[in-house]
Amino acid sequence: MLALALILGLLLTACAAFRPEQPQAPAGTLRWSLEGVSDMTRLDPARPSGNQENIPLYLIFGGLVRLNDRLEVVGDGAERWTVSDDGTVYTFSLRPNLKYGDGTPVVAQHFADALARTLAPATGTEFALTFLQNVIGAREVREGKASSLAGARALDERTLEIRLDSPRGYFVSQLTYAITYLAPPGAIEAAGAAWLDRAFGTGPFRVVDHEPGQRLALEGNPHYWAGPPGVERVEFRFFPNTDAAFSAYQAGEVDVMGSVQAGVPALRLAETVNRPDFQTISAPVARYIGFNNTQPPFDNLYVRQAFAQAVDKERLVARALTDSATPAWRILPAGFAGTREPVTPLAFDPVGARAALGLAGYVSGAELPPVTLTYESGDTDLGRVAEELRRFWRESLGVDVALDPVPRQTLIDRLDALIVNPRAPDAMQMYLSVWGADYPDPQNFLSLQLHSASPYNNGRWQHPRFDELVEEADRMSGQGEQAERFRLYRDAEQIAINDVGWLPLYNPLVTLAIRPTVRGLTPTVSPQGIVAVDWTQVRIVEGQ
């Protein structure tokens, strides 16, 4: 008996020695800057806003799928999915432990209802319809003719079916964007303004406090399907611009700074040299000049070509941005899906620019009507870009372009007004704008931004052959047809380059900061910028 007791004691000791390590309790507050944001006015995945304002949405809410750090679509609320042979039926199997931040279980019908809510007239926008228009019944919901979405139905509590009217090779990528994410049924409407103080979804965090104009504080969601996050809290702090946010990071006031549309200001990059906490990525973002194609002088193709050929993009990047960007030779960002198909850029050519102006009927730039470039005033980098562009146009064309810097929200409002009435006397003529990928597919840039019927074609550029090509590419399934899809998009992009649907200028090289004490966050070229592959493994390690 004594020998048996000794053996049992040894076995128990060995089991204790090899017992799996227990997960650490969440600890610490992760302080994260939001640049160019004065406050959060809403937290509703059905109504996303700008890139910066959307960052908290991805931590609070979740969808069927998400992007990982390699831009691959992986399961989120859905653990797996299948696609029919004809590419029109998607069937998602939900995780068995999927719950909201208050512990309420999620069922498949909630996803169907959330998509309908996103489209409904009382909630949704034209963007929602553009985004989901190929789901059967989307237009009927948007027009108020139906309250439920015919193409989305629950087969049982854990199985959701989504049916499209035609194959769409980019559809599952679209589902990674916040507009398709899940909010608790009826919770936002019931809470009203108080929702900002207690918003929750199926994401890794939920709101615990909102201090208007200062910060948005989140706490770990104990019901998160992957397990509790490895940090106790995330505190988003609001800053008027990137310079203020960078100063706060340097002063130790925030732990994470920057996104794909808001990195370290170009004039302060010298302060980041040889600092391992700063990482530079090529953002899936295009800075470009848009033209009002409905009014003189930019309703004339040759004038647009003249302005395009007068811009020396290499000199622009070197002088205005101290090489913190790469020249954009095409509309799709460098390295983006589809960019292996080559295009011919509209190169810098001052002689060709003056010849194009002559073809438009102007002996010199002085004969043009007054021309104004509108751009965002809060970004010092953009101010230098605008000054450099004005210099190019004066040197090559003899055109003295007036500069019109306006606050960010004013620019957004005027872009919206341009869609409604581009022929208004006060409509913008030419504007310096930006587009960042919502999801990694050429459709998100070409079809969404430049198709003549798109509500996001601010400048109202149109070309029938371009429309035909992107429509054909959009209808193709991603299953075995990707190479042909990308060739069609390439042909359409070449038309838009030649016709100057946009004048792409540069793709930012964005420098982001993650303090060395933070583990588990990764800078990526995804639309979300800095991501956690697994929030349960994110840690704040003191004393590092």
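Residues numbered from 1 in each chain as written. Predicted model: local features only at pLDDT ≥ 70, side-chain atom pairs only at ≥ 80, totals over all residues. Heavy atoms only, no water.

Participant: What is the right way to read the side chain of Gln443 from this model?
Facilitator: In this structure, Gln443 sits in the loop between strand S17 (430-436) and helix H14 (446-450). Classification of Gln443 as buried rests on a relative accessible area of 5%. (Helix = DSSP H or I, 4+ residues; strand = E, 2+ residues; numbered from the N terminus. Buried < 20%, exposed > 50% of the residue type's maximum accessible area, 1.4 Å probe, protein only.)

Participant: Where do I start with the pattern of salt bridges in this structure?
Facilitator: Two side chains that carry opposite charge are able to pair once their charged atoms sit near each other. Per the stated rule, a full pass over the model turns up 35 salt bridges. Close ionic contact of Asp209 with Arg215 constitutes a salt bridge, the shortest N to O distance being 2.7 Å. Since its relative accessible area comes to 27%, Asp209 is described here as partly exposed. With a shortest N-O distance of 3.1 Å, Asp277 and Arg275 are connected by a salt bridge. (Salt bridge = Lys/Arg side-chain N within 4 Å of Asp/Glu carboxyl O.)

Participant: Explain unusual backbone geometry here, please?
Facilitator: Of all residues except glycine, most have a negative phi; of all peptide bonds, most are trans. Here Pro296 and Pro297 are connected by a cis peptide whose omega angle stands at 5°. Mapping Pro297 onto the fold places it in the loop between strand S13 (285-291) and helix H9 (301-309). In the Ramachandran plot, Leu71 falls in the positive-phi region, its phi being about 65° despite a non-glycine side chain. Checked against the element boundaries, Leu71 lands in the loop between strand S2 (65-67) and strand S3 (73-75). Owing to a relative accessible area of 28%, Leu71 belongs among the partly exposed residues under this scheme.

Participant: It is not clear to me how the sheet that holds strand S6 (residues 152-156) should be interpreted in this structure. Could you clarify?
Facilitator: Across a sheet, strands are paired by hydrogen bonds formed along the backbone, either parallel or antiparallel in direction. Taken in spatial order, the four strands make up an open sheet running S4-S5-S7-S6, and their pairing is antiparallel. Edge strands, defined here as strands with exactly one partner in the open sheet, are strand S4 (78-83) and S6. Shown here is a sheet whose adjacent strand axes are inclined to one another by a mean of 25°, direction ignored. Bridging between S6 and strand S7 (residues 159-163) involves four bridges; their strand directions are antiparallel. Across the sheet, residue Ala152 finds its bridge partner in S7, namely Ile162. (Pairing = 2+ DSSP bridges. Axes fitted to C-alpha atoms, helices over the stretch in contact; angles between N-to-C directions.)

Participant: Any chance you could explain the pairing of S17 here in plain terms?
Facilitator: For a regular strand, side-chain orientation follows a simple rule: the groups alternate between the two sheet faces. Of all the seven residues making up S17, six are buried; the element is thus mostly covered by neighbouring parts of the structure. Here seven bridges tie S13 to S17, and the two strands are oriented antiparallel to one another. In the strand pairing of S17, Gly290 is matched with Tyr431. For strand S15 (residues 372-376) and S17, the ladder comprises two bridges, and the chain directions are parallel. Considered in S17, the bridge of Thr374 is made with Tyr431.

Participant: Is there a simple way to think about the nonpolar core in this case?
Facilitator: Taken as a class, soluble globular proteins show a tendency for nonpolar side chains to be buried jointly. Counting 118 residues, the largest nonpolar core has Trp32, Leu43, Leu64, Ile162, Leu521 and Trp535 as the members making the most contacts within it. Grouped together as the second largest cluster of nonpolar side chains are 39 residues, Ala310, Ala353, Val385 and Leu432 included. (Core = buried A, V, L, I, M, F, W, Y, C linked by side-chain atoms within 4.5 Å.)

Participant: Hey, could you run me through helix H15 (residues 464-475) in this one?
Facilitator: Each α-helix turn comprises 3.6 residues. Residues three or four places apart therefore point the same way. In this model H15 runs 17 Å from its N-terminal to its C-terminal C-alpha over 12 residues, within 8% of the 16 Å that 1.5 Å per residue would give. Taken together, the buried positions of H15 are occupied by Phe466, Asp467, Leu469, Val470, Ala473 and Asp474. Looking straight down H15, one finds that the buried residues subtend no more than 165° of arc, so they occupy a single side. Those residues of H15 that are buried are in contact with H14 and helix H16 (482-499). (Expected span 1.5 Å × (residues − 1). Arc of directions from axis to C-beta. Contact = heavy atoms within 4.5 Å.)

Participant: Before we go on, may I ask you to explain the packing of H9 against helix H11 (residues 350-359) in this structure?
Facilitator: Geometry of a packed helix pair, given as the angle between the helix axes and the separation of the axes. Axis separation between H9 and H11 bottoms out at 8 Å; the angle between their running directions is 165°. Classified by the angle between their axes, H9 and H11 sit roughly antiparallel to one another. The two elements H9 and H11 meet at a crossing, and its hand is left-handed. Here Tyr302, Val303, Gln305, Ala306 and Gln309 of H9 lie close against H11, whose contacting residues are Pro350, Gly352, Ala353, Ala356, Leu357 and Leu359. (Parallel < 35°, antiparallel > 145°, perpendicular 65-115°, else oblique. Left-handed = near helix turned anticlockwise from the far one by under 90°.)

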